[in-house]
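# Descriptive structure summary
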Amino acid sequence: MLRILRGFVLLAIVIFAGCSSSGSQQAPPPIELRGVWLTEEEFATNREQMAATLQFLADHHFNAVFPIVWNGGTTLYPSKVMEEWFGKASAWGVSERDPFAELIEEARKRGIAVIPTLGSSLGPLPPTDERIARMKPNWAARDRQGRMVVRDGVEWFNPIHPEVQEFVFALLSEVVKTYDVAGVQGGDRLFAEPIEGGYDSITTALYRETHAGNEPPLDANEIHWKYWRAVRINSAAERLYWRVKAFKARMVMMWAPLIYRDALNSYLHDWRSWVNENPYGEFYADFISPLVRLTDSNSYKLLLATQHRDSMKIRQKKRYLLPGIILQEGQSRAEEEQLLEAIRYNRASGYNGEIIFPFAMLKKNGGKLAAALRRTHYSRAAQLPFAVADAGTH
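Computed from a predicted structure; not experimentally measured.

This part covers the overall build of the chain. For the chain, the helix and strand inventory stands at 15 helices and 15 strands. For the chain, the proportion of its 394 residues judged to be buried stands at 52%. Contacts in the chain between residues far apart in sequence, at least 24 positions, make up 77% of those at least 6 positions apart. Carbon and sulfur atoms provide 54% of the accessible area of the chain, an area that totals close to 17800 Å².

Note on placement: Thr53 falls in helix α3 (residues 47-59). A relative accessible area of 3% places Thr53 in the buried class. Ignoring sequence-local partners within four residues, the contact set of Thr53 consists of Leu38, Glu42 and Phe359.

Grouped together as the largest cluster of nonpolar side chains are 118 residues, with contacts concentrated most on Phe100, Trp255, Trp271, Leu327 and Leu362. Counting residues in each nonpolar core, the second largest holds 5 residues, with Tyr199, Tyr207, Trp225 and Trp228 among its members.

Look at the link from Phe357 to Pro358: it is a cis peptide, with omega at 0°. Examined against the element boundaries, Pro358 turns out to sit in the loop between β15 (353-357) and α15 (359-375). A positive phi angle is found at Asp152, which is not glycine, with a value near 55°. Inspection of the secondary structure assignment puts Asp152 in the loop between β6 (150-151) and β7 (154-155). Of the residues examined, Asp152 reaches a relative accessible area of 55% and is grouped as exposed. Not every positive phi belongs to a glycine, and Lys313 is a case in point at roughly 55°. Within the secondary structure, Lys313 is located in the loop between α13 (309-312) and β12 (324-326). The class of Lys313 is exposed, set by a relative accessible area of 62%.

Before going further, it helps to spend a moment on the pattern of salt bridges. Going through the model one piece at a time under the given rule, you end up with 21 salt bridges. Put simply, Glu105 and Arg47 hold a salt bridge, and the shortest N to O gap is 3.2 Å. Pair noted here: Glu105 is in helix α5 (residues 99-109) and Arg47 is in helix α3, with a separation of 58 residues, a long-range link. Linking Glu166 and Arg239 is a salt bridge whose minimum nitrogen-to-oxygen distance equals 2.9 Å. With Glu166 in helix α7 (residues 162-178) and Arg239 in helix α9 (residues 223-247), this pair connects stretches of sequence that are 73 residues apart. Overall, Glu166 belongs to the partly exposed group, its relative accessible area being 31%. Salt bridges sharing partners connect three or more residues here, namely Arg47, Glu105, Glu106, Lys109 and Arg110.

What follows covers the packing of aromatic side chains. Taken as a whole, this structure holds 23 aromatic pairs when the rule is applied. Taking 5.6 Å as the distance between ring centres and 85° as the angle between the ring planes, the aromatic pair formed by Trp139 and Phe157 counts as edge-to-face. A residue pair is termed long-range when its members are at least 10 positions apart, and Trp139 in the loop between α6 (130-135) and β6 and Phe157 in the loop between β7 and α7 qualify at 18 residues. Among the residues examined, Trp139 registers a relative accessible area of 0% and is labelled buried. Using a relative accessible area of 25% as the deciding quantity, one classes Phe157 as partly exposed.

For the rest of this paragraph, the subject is the environment of Pro116. With respect to the helices and strands, the residue Pro116 is situated in the loop between β4 (113-114) and β5 (117-118). With residues near it in sequence (within four places) discarded, Pro116 still touches Pro67, Val69, Phe100, Val175, Val181, Gly183, Val184 and Gln185.

Here we take up the confidence of the model for the chain. The share of residues in the chain with pLDDT of 70 or more is 89%, and the mean pLDDT across the chain is 88. Within the model, the stretch residues 7-23 combines pLDDT values under 50 with 0 contacts to residues more than four positions away or in other chains.

Taken N-terminus to C-terminus, the directions of α7 and α9 make an angle of 25°; their axes are 10 Å apart at the nearest point. When the interaxial angle is binned, α7 and α9 end up roughly parallel. Two packed elements cross with a definite hand, and for α7 against α9 that hand is right-handed. Between α7 and α9, the contacting residues are Gln165, Glu166, Val168, Phe169, Leu172, Val176 and Lys177 on the first element and Arg232, Ala236, Arg239, Leu240, Arg243, Val244 and Phe247 on the second. For the contact of α7 with α9, the class distribution of residues is 8 nonpolar, 1 polar and 5 charged.

Because an α-helix completes one turn every 3.6 residues, residues spaced three or four positions apart along the sequence face the same direction. Compared with the 18 Å implied by 1.5 Å per residue over 13 residues, the 18 Å span of helix α14 (residues 336-348) between its first and last C-alpha is a close match. All buried positions along α14 are accounted for by Glu336, Gln338, Leu339, Leu340, Ala342, Ile343, Tyr345 and Asn346. Following α14 by one or two positions, Gly350 adopts a phi angle in the positive range, close to 90°.

Within strand β1 (residues 33-38), 6 of the 6 residues are buried, which leaves it mostly tucked inside the rest of the structure. Along β1, one buried face is formed by Leu33, Gly35 and Trp37 and the opposite face, lined by Arg34, Val36 and Leu38, is buried too. Bridge count between β1 and strand β2 (residues 64-71): 4 bridges; the pairing is parallel. Looking at the pairing, Leu38 lines up with Pro67 of β2.

A few words now on the environment of Met254. Its location among the elements puts Met254 in strand β9 (residues 252-255). A sequence separation of 68 residues divides Met254 from Leu322, and the C-alpha atoms of the two residues are 9.7 Å apart. For Met254, the contacting residues outside a window of four places in its chain are Leu33, Phe66, Ile115, Val184, Gln185, Gly186, Phe287, Ser289, Leu322 and Ile355.

The rules behind these values
- Residues numbered from 1 in each chain as written.
- Predicted model: local features only at pLDDT ≥ 70, side-chain atom pairs only at ≥ 80, totals over all residues.
- Heavy atoms only, no water.
- Helix = DSSP H or I, 4+ residues; strand = E, 2+ residues; numbered from the N terminus.
- Buried < 20%, exposed > 50% of the residue type's maximum accessible area, 1.4 Å probe, protein only.
- Contact = heavy atoms within 4.5 Å.
- Areas by Shrake-Rupley, 256 points an atom, 1.4 Å probe, with all protein chains shown as cover.
- Core = buried A, V, L, I, M, F, W, Y, C linked by side-chain atoms within 4.5 Å.
- Salt bridge = Lys/Arg side-chain N within 4 Å of Asp/Glu carboxyl O.
- Phe/Tyr/Trp six-rings, centres within 6.5 Å; stacked < 30°, edge-to-face > 60°.
- pLDDT = per-residue confidence, 0-100.
- Axes fitted to C-alpha atoms, helices over the stretch in contact; angles between N-to-C directions.
- Parallel < 35°, antiparallel > 145°, perpendicular 65-115°, else oblique.
- Left-handed = near helix turned anticlockwise from the far one by under 90°.
- Nonpolar A, V, L, I, M, F, W, Y, C, P; charged D, E, K, R; others polar.
- Expected span 1.5 Å × (residues − 1).
- Pairing = 2+ DSSP bridges.

Right under this line is the structure:
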């Protein structure tokens, strides 16, 4: 009898221990991208500042950074491509360091993915390298008067020019082959051209070839002329995508354009075509992060609603949209309640992540906005919504 009793006691202990163990298991981590764009001033100045920035982000459960590594005609790393094409290899404001390599090393220590951004309007631009315009004047985008296109203080390349495309391909190949990155992101200025461009000799010659010798319309906004140019930029974006995938299939190709209406009508970025499956089930952008300014919660929601796959009639069903939240525009700054409501809306709309800019706003006032995220939506560490390619594997 005593043995039987002991047996029941042992069985009860085993069952209780099993229940306690299963009850104590934590739910799996959320699958979300929690990213931040970093300008050259935020990661290239010195390594100590860089490490502090990454530690701050790790402490607040961010899991990805998007350093802007090509901007204003300058790389943020020593570039052999720049040396070969223009005789200049040194990184912006740096003579003997490789700040991008340092960033990757510091980020890896903290479990943060690094996805470099090429060609973005985010943050202050370093001085435009006049050597490019001087050595490659035929690369310039031209308006109908033959003048170089200058908008927002920037001299624009012609993205349809074959040499411009090859230069960008070379830069991108250099980044993905030299550095251990999770992916790459094209900014709102990569392979973009202000709508008033297109009147350079290369583009007009291509137009004449496909239009029985006729010249392009004088109205830069004419529908056929606009889409004709956009289709050629689409082709460049597609080639860029397959260059990345050929090197490492698991590497993600992302873009951060303007919201679609402005991207297409102002800069000929037809990014809807990049994520919309063609008849063969192919697309050539893994994720899109349209830049949405958070001036108030209602306008944010209204703008983002226009980017939803249903609004844009996107055929593919995978999750491809990860909003880019701009916290500051001029003197207008997002408040804590607005940021928390924006992210709540993102999750309710099925967007499992976002990228935030600028970092300085997260750290302002003792890190008030970052602390609010850490208390609420970012209370637990998150897993990235894509597989990070293993270093050195193709």
